[in-house]
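Chain by chain, the residues run as shown.
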Amino acid sequence: MWMAHSSSPYGTKRIALACFALLLVALFLFPNQIQGLSQYLGGPVGYAVSVPLEAIASIDTGIADRWEQYVALQGVREENQQLRKENEWLRGQHSRLRESAAATERLTALLRFKEQALPTMVAAQVIGRDATNRYRTIILNKGESDGIKPDMGVVTPAGVVGRVVKTTGVSSVVLLVTDPNNAIAGLIQRTRDEGIVEGTQQGLAQLKYIPLLSTLRDGDRVVTSGLIGDFPRGLMIGTITHIDKQEGALFQSADLMPEVDVSRVEEVLVIQTSYGQSSKAGSGADLLEKPLP
Amino acid sequence: MKFFFYLILVLLLVPLQTTLLPHLSVWNIKPDLGLVAAALIGLFAGELEGLLIGLTIGWVLNLFSAGELWLSLLTNGGVGLLAGFLGRQVSQVTSYSLGGMLLLVSLVSGLLAAINFKGLDISQVWWMAESIVVPQACFDGAVGAGCYWLLSRRFDLTRLRTDRMDGLL
């Protein structure tokens, strides 16, 4: 490389440096205000960007569907047989659970529990993944204009996906349950012990702050506790795969295998109002079983 | 004309980065096209345009990411500005020098992001640096160098840059 012997236009250089320095100072001095301003200005930009984003996402989905329909049919017969067996087992399980549900209903009526309203949900499609490699997020095709706001919970019929962290007019960013920056209040279904579910660097999840006397074991299922945040109680988060109990520690922790494969999720439900805030009636299972548009 | 080129670039960068690139990722690592675009614009159009387009790219990409705004603006705006200076001070920029600069900027930005993560201990920061930051920096450097090499095969880049500098003088 040779050094150029040309005189540089100091005016341009100074303006560029001054603008940049000013912006950085403003960002450090007033981070919330600048973030708010950025979100406000980002509204129309979000609309403009969403047009090519949705177009490319639909082409991408179309190609993926074709691939699955015509090319990736290998092993479908074996998979079909396995699914039939699983279906039979689930039917048996379903009838047993219906019995339990009926019994619970009778007991609830006996105890005169206050009837809980069900959460209102809005269905959305995944149209992209995080622009960087550092966060585990997905981008949805619904935003503020559909009533989606930051901190709302995002689920699939299988379980928890994450929570909304950012919105524009027609899109929103969801921080996945496997991201280390995410924290959801969890409950071990069998022992009823509570803890906090956080993502790990390796793309799994971890249940932290479990009481030391808890008798949890591998295979225990962890659900949302419904105490903090916008998740109703009882949504599946994952299954315990490994317990970490250290000598002298105040709490136990456990590794979780998330119930939802967040790397493959295509459609989700955003919880707009949690239990007790909605005016709609019905059953939670009905809501989760609704087909997505 | 230039304005429309930049507008289309910014509008297409988001779907490219968020929808198509995940399919082309290697070990779940994808290059940062915003960084590469800002560097190339800074190199050919000067520091002011590099800075402004870099800031715009950083801001728009940040709308579709959970990342911090300041880091996105600092990285993309900074690389546009740096590339502008590089283009002015160094008479013969090669794909290696551009790739090296991108690698360094990406490395610094990734390390800043890792340190900025809440609740990570030193071993987790190290894991993140080792498995995400360094591979991504190498990827960004390689993609930047590759783009510059491809452009140099198609256009007389030295002349392009000299014309721009003559116009400013």
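For the structure itself, look to the data block above.
Computed from a predicted structure; not experimentally measured. (Residues numbered from 1 in each chain as written. Chains lettered and ligands numbered in written order. Predicted model: local features only at pLDDT ≥ 70, side-chain atom pairs only at ≥ 80, totals over all residues. Heavy atoms only, no water.)

Q: For this particular structure, what's the right way to read the overall build of chain B?
A: Secondary structure assignment for chain B yields seven helices and zero strands. When its helices and strands are written in sequence order, chain B yields α-α-α-α-α-α-α. Expressed as a percentage of the 169 residues in chain B, the buried residues total 56%. Looking at chain B alone, contacts between residues at least 24 apart form 71% of all its contacts between residues at least 6 apart. Put simply, chain B shows about 7600 Å² of open surface, and 71% of that area lies on carbon and sulfur atoms. (Helix = DSSP H or I, 4+ residues; strand = E, 2+ residues; numbered from the N terminus. Buried < 20%, exposed > 50% of the residue type's maximum accessible area, 1.4 Å probe, protein only. Contact = heavy atoms within 4.5 Å. Areas by Shrake-Rupley, 256 points an atom, 1.4 Å probe, with all protein chains shown as cover.)

Q: Would you explain the layout of surface pockets in this entry?
A: With a probe scaled to a water molecule rolled over the atoms, the places where space remains empty come into view. Quantified by volume, the second largest pocket comes out at close to 1500 Å³. What lines the second largest pocket is a set of 47 residues, among which R129(A), V262(A), S263(A), R264(A) and P22(B) lie closest to the centre. The biggest single contributor to the lining of the second largest pocket is helix α2 (residues 31-71) of chain A, with eight residues. Tallied by class, residues from the lining of the second largest pocket come to 16 nonpolar, 18 polar and 13 charged. A domain split of the lining of the second largest pocket shows at least three residues from each of domain 1 (11-70) and domain 3 (119-280) of chain A. (1 Å grid on protein atoms, 1.4 Å probe; cavity = no way out; pocket = protein on both sides within 12 Å on 5 of 7 lines; lining within 4 Å. Points joined across faces, edges and corners; volume = space filled by probe spheres on them. Nonpolar A, V, L, I, M, F, W, Y, C, P; charged D, E, K, R; others polar. Domains from an automatic or database assignment.)

Q: Where do I start with the interface of chain B and chain A in this structure?
A: Frequently, the measure chosen for interface size is the accessible area removed from exposure when the parts meet. On the side of chain A, 54 residues touch chain B, which itself brings 56 residues to the contact. Taking both sides of the interface into account, the surface hidden between chain B and chain A amounts to around 5000 Å²; carbon and sulfur atoms contribute 69%. Taken as a group, L63(B), F64(B) and F117(B) account for 14% of the area that chain B buries against chain A, more than any other trio of residues on that side. Of all the secondary-structure elements, those providing two or more residues to the side of chain B that touches chain A are α1 (2-20), α3 (47-63), α4 (69-89), α5 (95-116), α6 (122-154) and α7 (157-168) of chain B. At 11 residues, α4(B) tops the list of elements feeding residues into the side of chain B that touches chain A. Grouping the amino acids of the side of chain B that touches chain A by side-chain chemistry returns 33 nonpolar, 18 polar and five charged. (Buried area = accessible area lost by both parts, 1.4 Å probe.)

Q: What exactly am I supposed to notice about the environment of L33(B) here?
A: All names here are of chain B. With respect to the helices and strands, L33 occurs in helix α2 (residues 33-45). Spatially, the C-alpha atom of L33 lies 6.7 Å from that of Q17, the residues being 16 residues apart in sequence. If sequence neighbours within four positions are ignored, L33 has contacts with L13, L16, Q17, L21 and V143.

Q: I would appreciate a short explanation of the pairing of strand β3 (residues 153-156) of chain A in the present structure.
A: Every regular strand shows the same layout, with side chains that alternate between the two sheet faces. All names here are of chain A. Where burial is concerned, the two faces of β3 agree: the one with G153 and V155 and the one with V154 and T156 are both buried. Relative to strand β4 (residues 159-167), β3 runs antiparallel, the two being bridged by four bridges. Of the residues in β4, the one forming a bridge with V155 is V160. Summarising the sheet, β3 and strand β12 (residues 267-273) pair through three bridges and their orientation is antiparallel. Paired with V154 across the bridge in β12 is V270. (Pairing = 2+ DSSP bridges.)

Q: Teacher, can you tell me more about the nonpolar core here?
A: Nonpolar side chains in soluble globular proteins tend to be buried together. The biggest cluster of nonpolar side chains holds 54 residues, and the ones touching the most others in it are L43(B), V79(B), L98(B) and M101(B). Only α1 (10-29) and α2 of chain A together with α1, α2, α3, α4, α5 and α6 of chain B provide two or more residues apiece to this core. No other element matches the 11 residues that α2(B) contributes to this core. Two domains share this core, each providing at least three of its residues, namely domain 1 (11-70) and domain 3 (119-280) of chain A. Once residues within four sequence positions are removed from consideration, L98(B) is found in contact with A39(B), L40(B), L43(B), V93(B), G144(B) and Y148(B). Listed in part, the 38 residues of the second largest apolar core include V160(A), I184(A), A254(A) and V268(A). (Core = buried A, V, L, I, M, F, W, Y, C linked by side-chain atoms within 4.5 Å.)

Q: What is the right way to look at the packing of α2(B) against α3(B) in this model?
A: The geometry of a pair of packed helices is captured by two quantities: the angle between their axes and the separation between those axes. Residues and elements named next belong to chain B. The N-to-C vectors of α2 and α3 enclose an angle of 165°; their axes lie 7 Å apart at closest approach. Put simply, α2 runs roughly antiparallel to α3. Like other packed secondary-structure pairs, α2 and α3 cross with a definite hand, here right-handed. In this structure, α2 contributes G34, A37, A38, I41, G42 and A45 to the contact, and α3 contributes E47, E49, G50, I53, G54, I57 and L61. The class makeup of the residues in the contact of α2 with α3 is seven nonpolar, four polar and two charged. (Axes fitted to C-alpha atoms, helices over the stretch in contact; angles between N-to-C directions. Parallel < 35°, antiparallel > 145°, perpendicular 65-115°, else oblique. Left-handed = near helix turned anticlockwise from the far one by under 90°.)

Q: Could you clarify how one ought to interpret unusual backbone geometry in this entry?
A: Excluding glycine, residues mostly have negative phi values, and the peptide bonds linking residues are mostly trans. All names here are of chain A. A positive phi angle is found at D151, which is not glycine, with a value near 80°. Relative to the helices and strands, D151 is located in the loop between β2 (137-140) and β3. Of note, R192 is a non-glycine position whose phi angle comes to about 65°, a positive value.

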